[in-house]
Amino acid sequence: MSASDHFFRGLRLPLAVRGCTGRPGGLLNEDDLNALANNNEQGANGLFPIGLYQTWHNGIHLWAGAGATVHALCDGTIVAACLGERSRERNVFGSRGFVLVRHTITCAEPEQTKPWQKPKTLENLTFFALYQHLEGLSGSQELAPWLLHLRPYILQGRPPQGTYVKLNGAPVVRKGSKRFVAELRTEPRKIRANTGDAWVAGKHVLHRAASGTVAHVLDDERGDFRLVRVLGNDKVGPTEGWIGYSAATVQEIPDMAGQIQRLIEGGVAALDIPVFAGETLGWVGKIVPEHSELRPGGPGSTGLHLEIFGSDALVTKSNAVFTVLTDDTDKDVMAELGPGVAKLTDPDLKALLRNLAFDTAEGELAASPEKRLQYLATVPAKTKAKLRQLATRNTSYWAIDWESVDGQSAAWSKRYKLANTEKADANRYSWWRQLLPKTKDLGLPSDALAYHVHPIGFLKHMLGRQLKHPVFYADFNGQVRVVHGVDPSDAPWKGGIDVWVHDPGAEGAEDWCLSSVLRYNNKTLGLAGNDPPNLYEILIENEGPQVPGLGADEKRIWASLWNVEGGLEAVNTYDNQFITFGPFQPAGGTGGAAGELAGVLSVVKREHPELFQKLFVDRGLDVQKASGGQMVTGYFIFDNEKLTTAAKKARLRTFYPAYLLRMAMDDEIFAGAFLKQGFERLKIIRRWKDNQRDPAVQFTQAFKSELGQALVLDAHINRPAVAGTWKETVQKAWFRKLPIDDIEAPEERALVNRFIYQRLISSLTDPFRRTALILACTVDVDDAYRLELKDAIRRWESRALEELEKTIEEAKQAREEAQAASPGQTAATKKLHASKYRKICKQLSILEAQRPMVKMRAEKHPLWPELEKALVKASSDFTARSWKPFLK
């Protein structure tokens with residue numbers, strides 16, 4: 001896990017008990033939290049904040065059967081642990097195994113109400129969580145994941161000295177897989193000879209280790225690469241390989257060899273091992289001390305002691321939630337509430353605590369654990385529930401030196417008369433005292449005086465403050481930040497940064513890559529993705545969703561655009577269209593105008609209203625149809641606001657709309673309906689006519705080949721106005737001399753060559769690459785055709801100046817006609833002519849400005865070399881996939 005500014009993965013269910021609906025380690029919800037509270041409060045043992053022996057009990061007991069898994073509440077770092085002994089003979093106070101985690105969670109302040117809203121402020125809240133009485137940590141048992149890669153050392157003896165690291169890895173699959181995998185590769189290679197330490201990663205992957213794997217760093221290094229050994233597990237032995245050695249890929253674990261040795265010996269080890277939210281920490285063990293008088297009528301004997309504590313920030317940030325009870329802080333074992341109880345206003349809560357505390361209990365309740373146990377069994381659940389609002393400031397129970405208890409807590413010691421053997425046994429549980437030399441490094445108070453909060457009350461409060469999912473985040477030079485959009489005020493954005501989604505409510509993996517950030521025209525930053533499957537894979541190889549009713553020729557035409565627009569889930573938010581999506585890239589529309597993407601979605605909405613409601617409307621995004629011409633257009637409605645201006649449509653550049661579209665494409669019904677509507681574009685183009693000729697010319701009469709139709713279709717997707725020049729191309733291809741009925745294959749090929757020329761000098765985005773990619777898919781684009789195309793382009797270039805002058809003369813004549821006003825014109829007609837005149841003047845100005853460029857082309861023929869270069873690369877990319885040309 002990279003270093004983080006923000007910790008956002010949400011609170012998780014630490015232990016599943018009766019009544020829980022969520023999965024263990026899954027997102028915690030309020031119903032599950034109530035089930036945990038009932039589990040704790042229905043028993044008479046293990047309540048917060050006082051134990052049956054009148055010592056501080058700053059956690060709660062959650063009762064569960066042996067073997068139930070215990071999970072991390074949220075992201076954090078294991079700072080201490082004890083595996084316990086392999087022999088259980090002396091664990092008289094329950095299982096000794098524990099994990100202490102320093103957790104940090106990023107909170108929205110004030111509360112974020114909707115997942116698409118940008119929080120006004122974010123803050124990180126750090127706290128410690130103790131998971132006590134764990135089994136499954138010692139070497140003779142199944143190991144928790146955070147220990148798995150240490151198993152060979154734990155079982156086989158003393159670990160080697162040296163540097164140990166936890167591997168963070170890098171994303172290898174964009175969606176539907178684990179977020180990070182660390183790749184151990186073959187030996188690095190020099191970039192080129194005589195480059196000093198300029199190395200690149202080895203070509204072959206030797207081993208893929210799950211993120212978090214602990215590795216031993218070996219002595220060999222090559223530039224920024226180091227040789228490491230992954231320790232392995234039961235199925236995979238130790239493996240060596242090379243990995244990039246930087247803060248983004250590895251995290252050094254200081255004194256790991258010593259830590260492992262202390263764990264082997266059953267001692268308490270200070271650690272520094274990151275864990276993810278929901279990660280398995282261990283399994284519940286024995287929780288009830290071996291005192292028979294406390295068992296009758298009580299709960300089972302296995303479970304988890306969960307304790308949450310930290311600095312004063314834990315309670316000062318939550319003043320409305322907790323009432324703080326302060327001990328006398330004299331480092332003794334006794335829970336003495338003194339005047340603190342008197343300040344409580346709730347009579348039931350006040351009576352409960354007075355009957356438990358060492359300095360306020362009276363009569364039989366003062367001296368008998370059995371009587372207190374019986375008393376607690378009679379306390380109503382609603383009274384026990386009031387304990388959830390409490391916090392205490394006291395010395396930790398786990399810091400007590402029990403062998404010195406007679407001197408420090410004489411009154412308590414006299415009452416309970418611990419034997420020396422019991423004191424020695426109890427001291428083995430005092431992990432805080434054993435960590436005293438390391439407390440500063442771990443962030444623990446050196447005097448063991450801390451604020452403890454009721455775990456249920458704290459978690460309930462934090463449920464309302466955690467970030468709503470999905471959460472978007474990115475890694476900025478090793479620092480993980482929560483982001484909302486490509487907003488410079490959020491983070492130092494630049495091109496090439498991946499934006500990730502954390503979405504534990506979705507199917508599959510929790511973390512997946514939404515897209516990468518692109519800087520467009522050195523100005524706008526936005527998402528730019530081209531995620532598979534592409535149109536070739538969908539239509540030719542039958543991968544992904546299928547749309548019935550497409551002819552074989554239609555499939556080939558569409559498949560030729562496989563690398564021109566995008567893949568099935570490609571999303572772009574960087575250009576003046578605000579957002580485009582899918583393999584056809586219908587767009588959001590320029591400025592405040594309606595766009596094709598909302599139009600396509602409006603058709604899907606009409607055909608599948610309930611599905612659209614679930615996928616979009618219920619999640620804040622809707623559409624409204626604007627027009628129903630050949631290409632349906634519409635407007636987006638985001639958070640009940642219709643986006644009708646460029647400023648409003650800028651909200652489509654945030655990450656949430658792109659996330660909704662990508663998630664929707666996982667639904668087969670939506671994907672089929674979306675693709676079906678997109679495929680209509682070719683049918684629309686095939687119905688075009690040029691009605692200015694007599695007789696009218698149908699598009700398919702002129703552009704008969706699949707190649708010709710693919711070139712026009714591609715232009716219509718990117719720049720519809722360029723596609724409209726097919727009429728002009730028909731007129732100019734044969735100098736207006738050839739009757740349309742006489743068009744055969746050679747004439748049609750000349751027409752296609754002319755349209756290719758029109759594309760190369762048009763406003764298409766990257767026209768050379770786009771044209772070359774379609775040509776690379778085409779059968780019979782051999783050396784002979786390339787030579788023919790080269791000659792045709794040069795011929796049109798040489799005649800371009802002549803054509804331009806002729807077009808300018810036609811425009812001047814049209815200007816004169818528009819300028820002339822007929823007598824008796826109405827005001828409306830005059831206004832119409834004036835508008836026409838202004839447009840012609842603007843067009844004439846543009847045409848006249850083209851003279852220098854057209855003259856240069858006519859003299860130097862610059863188009864073909866650039867197209868040839870693009871065609872060589874496109875053909876190489878195509879054949880590298882072992883695909884054969886298919887377009888006719």
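**Student:** What is the right way to look at the overall build of the protein in this model?
**Tutor:** Within the protein, the regular secondary structure consists of 33 helices and 33 strands. Taking all 888 residues of the protein together, the buried fraction comes to 54%. Relative to all contacts within the protein whose residues are 6 or more apart in sequence, the contacts with residues 24 or more apart total 68%. Roughly 38100 Å² of accessible area belongs to the protein as shown, and the carbon and sulfur atoms make up 49% of that amount.

**Student:** When you look at unusual backbone geometry in this model, what are you seeing that I'm missing?
**Tutor:** What you tend to see is this: most non-glycine residues have negative phi, and most peptide bonds are trans. With an omega of 5°, the peptide bond running from Phe 48 to Pro 49 counts as cis. A cis geometry characterises the amide bond from His 469 onward to Pro 470, with omega recorded as 10°. Inspection of the secondary structure assignment puts Pro 470 in the loop between helix 16 (455–463) and strand 22 (471–476). Positive phi outside glycine occurs at Asn 640, with the angle close to 70°. Tracing the backbone shows Asn 640 in the loop between strand 30 (633–638) and strand 31 (641–642).

**Student:** Sorry, what's going on with the packing of aromatic side chains here?
**Tutor:** The description of two aromatic rings rests on the distance between their centres and on the angle between their planes. Tallied over the entire structure, the rule returns 41 aromatic pairs. Their ring planes at 80° and their centres at 5.8 Å tell us that Phe 703 and Phe 755 sit as a pair that is edge-to-face. Here Phe 703 is found in the loop between helix 24 (699–702) and helix 25 (706–718), whereas its partner Phe 755 is found in helix 28 (residues 745–760), with 52 residues between them in sequence. As far as burial versus exposure is concerned, Phe 703 and Phe 755 are alike and both buried. Taken together, the aromatic side chains of Tyr 53, Phe 98, Phe 128, Phe 309, Tyr 397, Trp 398, Trp 402, Trp 412, Tyr 416, Trp 431 and Trp 432 make up a single cluster linked through ring pairs. Sitting over the face of the ring of Phe 638, Arg 651 holds its NZ or CZ atom 4.5 Å from the ring centroid.

**Student:** Even after reading the chapter, I still don't get the sheet that holds strand 30, so can you show me in this structure?
**Tutor:** Sheet strands pair via backbone hydrogen bonds, and the direction of the pair is either parallel or antiparallel. Taken together, the 3 strands give an open sheet; going across it, the order is 29-30-31, and neighbouring strands pair in antiparallel fashion. The sheet is open, and its two borders are formed by strand 29 (621–627) and strand 31, each paired with just one other strand. Summarising the sheet, strand 29 and strand 30 pair through 6 bridges and their orientation is antiparallel. Its bridge partner lying in strand 30, Lys 625 is registered against Gly 634. Packing against the sheet, helix 19 (residues 596–607) makes contact with strand 29 and strand 30, and its axis sits at approximately 85° to strand 30.

**Student:** Mind showing me how you'd approach the pairing of strand 6 (residues 122–135) here?
**Tutor:** Consecutive residues of a regular strand have side chains that alternate between opposite faces of the sheet. A large share of strand 6 lies buried, amounting to 10 of its 14 residues. Relative to strand 6, strand 5 (residues 97–108) runs antiparallel, the two sharing 12 bridges. Paired with Cys 107 across the bridge in strand 6 is Glu 123. As paired strands, strand 6 and strand 18 (residues 302–310) are joined by 5 bridges and run antiparallel to one another. Counterpart to Phe 128 in the pairing with strand 18 is Phe 309. With 2 bridges connecting them, strand 6 and strand 17 (residues 280–286) associate as antiparallel partners. Among the inter-strand pairings, Leu 134 is bridged to a residue of strand 17, identified as Val 284.

**Student:** Teacher, can you tell me more about the packing of helix 18 (residues 552–559) against helix 23 (residues 668–686) here?
**Tutor:** For any two helices packed against each other, the geometry is given by the interaxial angle and the distance between the axes. The interhelical angle for the contact between helix 18 and helix 23, taken along N-to-C directions, is 110°, at an axis separation of 11 Å. Comparing their axes, helix 23 and helix 18 come out roughly perpendicular. Residues Asp 553, Glu 554, Ile 557 and Trp 558 of helix 18 form the contact with helix 23, whose participating residues are Gly 678, Phe 679, Arg 681, Leu 682, Lys 683 and Arg 686.

**Student:** Sorry, what's going on with the pairing of strand 16 (residues 268–275) here?
**Tutor:** Counting buried positions along strand 16 gives 7 out of 8 residues, so the element sits mostly inside the fold. Alignment of strand 4 (residues 76–82) against strand 16, held across 6 bridges, turns out to be antiparallel. Note on strand 16: the bridge partner recorded for Cys 82 is Val 268.

**Student:** When you look at the packing of helix 29 (residues 767–776) against helix 33 (residues 863–879) in this model, what are you seeing that I'm missing?
**Tutor:** Two numbers describe how helix 29 lies on helix 33: the axes approach to 8 Å, and their chain directions differ by 50°. One finds that helix 29 runs oblique with respect to helix 33. When you trace helix 29 past helix 33, the crossing you get is right-handed. Taking contact as the criterion, the partners of Phe 768, Arg 769, Thr 771, Ala 772, Leu 773, Leu 775 and Ala 776 in helix 29 are, on helix 33, Leu 863, Glu 866, Leu 867, Ala 870, Leu 871, Ala 874, Ser 875 and Phe 878.

**Student:** What should I look at first to understand the pattern of salt bridges in this one?
**Tutor:** Oppositely charged side chains are able to pair whenever their charged atoms sit close together. Going through the model one piece at a time under the given rule, you end up with 28 salt bridges. One salt bridge connects Arg 9 with Asp 75, and the closest N-O pair in it is separated by 3.0 Å. Taken together, the residues Arg 9 in the loop between strand 1 (3–4) and helix 1 (30–41) and Asp 75 in the loop between strand 3 (69–71) and strand 4 connect sequence positions 66 residues apart. Assigned by exposure class, Arg 9 and Asp 75 land together as buried. Arg 662 is paired through a salt bridge with Glu 569; the nearest N and O atoms lie 2.8 Å apart.

**Student:** In this structure, what is going on with helix 23? I would like to understand it.
**Tutor:** Because each turn of an α-helix spans 3.6 residues, side chains separated by three or four positions end up pointing in the same direction. With 19 residues, helix 23 extends 28 Å from end C-alpha to end C-alpha; this agrees with the ideal 27 Å at 1.5 Å per step. Taken residue by residue, helix 23 has Phe 670, Ala 671, Gly 672, Ala 673, Phe 674, Leu 675, Gly 678, Phe 679, Arg 681, Leu 682, Ile 684 and Ile 685 as its buried positions. Regarding helix 23, its N-cap is Asp 667, as a side-chain oxygen of that residue lies 3.0 Å from the backbone nitrogen of Ile 669 further along.

**Student:** Would you explain the environment of Lys 331 in this entry?
**Tutor:** Residue position: Lys 331 is located in the loop between strand 19 (323–326) and helix 6 (339–342). Lys 331 sits 69 residues away from Ile 400 along the chain, and the two C-alpha atoms are 7.5 Å apart. With residues up to four places along the chain from it excluded, the contact list for Lys 331 reads Thr 395, Ile 400, Gln 408 and Asp 447.

**Student:** I keep staring at the side chain of Asp 332 and nothing clicks. Help me out?
**Tutor:** With respect to the helices, strands and loops of the structure, Asp 332 is situated in the loop between strand 19 and helix 6. For Asp 332, a relative accessible area of 2% translates into the label buried. One polar contact links the side chain of Asp 332 to the main-chain amide nitrogen of Met 334, over a distance of 3.3 Å. Discounting residues that sit within four places of it in the chain, Asp 332 has contacts with Asp 327, Ile 400, Gln 408 and Ser 409.

**Student:** Could you clarify how one ought to interpret the environment of Leu 621 in this entry?
**Tutor:** Here Leu 621 shows up in strand 29. Here Leu 621 falls in the buried class, since its relative accessible area comes to 3%. A C-alpha to C-alpha distance of 5.8 Å links Leu 621 and Ile 637, two positions 16 residues apart in sequence. Sequence-distant contacts of Leu 621, defined by excluding residues within four places in its chain, comprise Phe 616, Phe 636, Ile 637, Phe 638 and Leu 660.

**Student:** Just checking my understanding: could you explain helix 9 (residues 369–378) for this structure?
**Tutor:** Three or more residues of helix 9 are buried, namely Pro 369, Arg 372, Leu 373, Tyr 375 and Leu 376. The buried side chains of helix 9 occupy one side of the element, clustering within an arc of 165° when seen end-on. Relative to its buried face, helix 9 has exposed residues pointing more than 90 degrees away, namely Ala 377 and Thr 378. The elements touched by buried residues of helix 9 are helix 7 (347–354), helix 8 (364–367), helix 10 (381–385) and helix 12 (410–416).

Definitions and limits used
Residues numbered from 1 in each chain as written. Predicted model: local features only at pLDDT ≥ 70, side-chain atom pairs only at ≥ 80, totals over all residues. Heavy atoms only, no water. Helix = DSSP H or I, 4+ residues; strand = E, 2+ residues; numbered from the N terminus. Buried < 20%, exposed > 50% of the residue type's maximum accessible area, 1.4 Å probe, protein only. Contact = heavy atoms within 4.5 Å. Areas by Shrake-Rupley, 256 points an atom, 1.4 Å probe, with all protein chains shown as cover. Phe/Tyr/Trp six-rings, centres within 6.5 Å; stacked < 30°, edge-to-face > 60°. Lys NZ or Arg CZ within 6 Å of the ring centre and 35° of its normal. Pairing = 2+ DSSP bridges. Axes fitted to C-alpha atoms, helices over the stretch in contact; angles between N-to-C directions. Parallel < 35°, antiparallel > 145°, perpendicular 65-115°, else oblique. Left-handed = near helix turned anticlockwise from the far one by under 90°. Salt bridge = Lys/Arg side-chain N within 4 Å of Asp/Glu carboxyl O. Expected span 1.5 Å × (residues − 1). Polar contact = N/O pair within 3.5 Å; in protein donor to acceptor, adjacent residues only side chain to side chain. Arc of directions from axis to C-beta.

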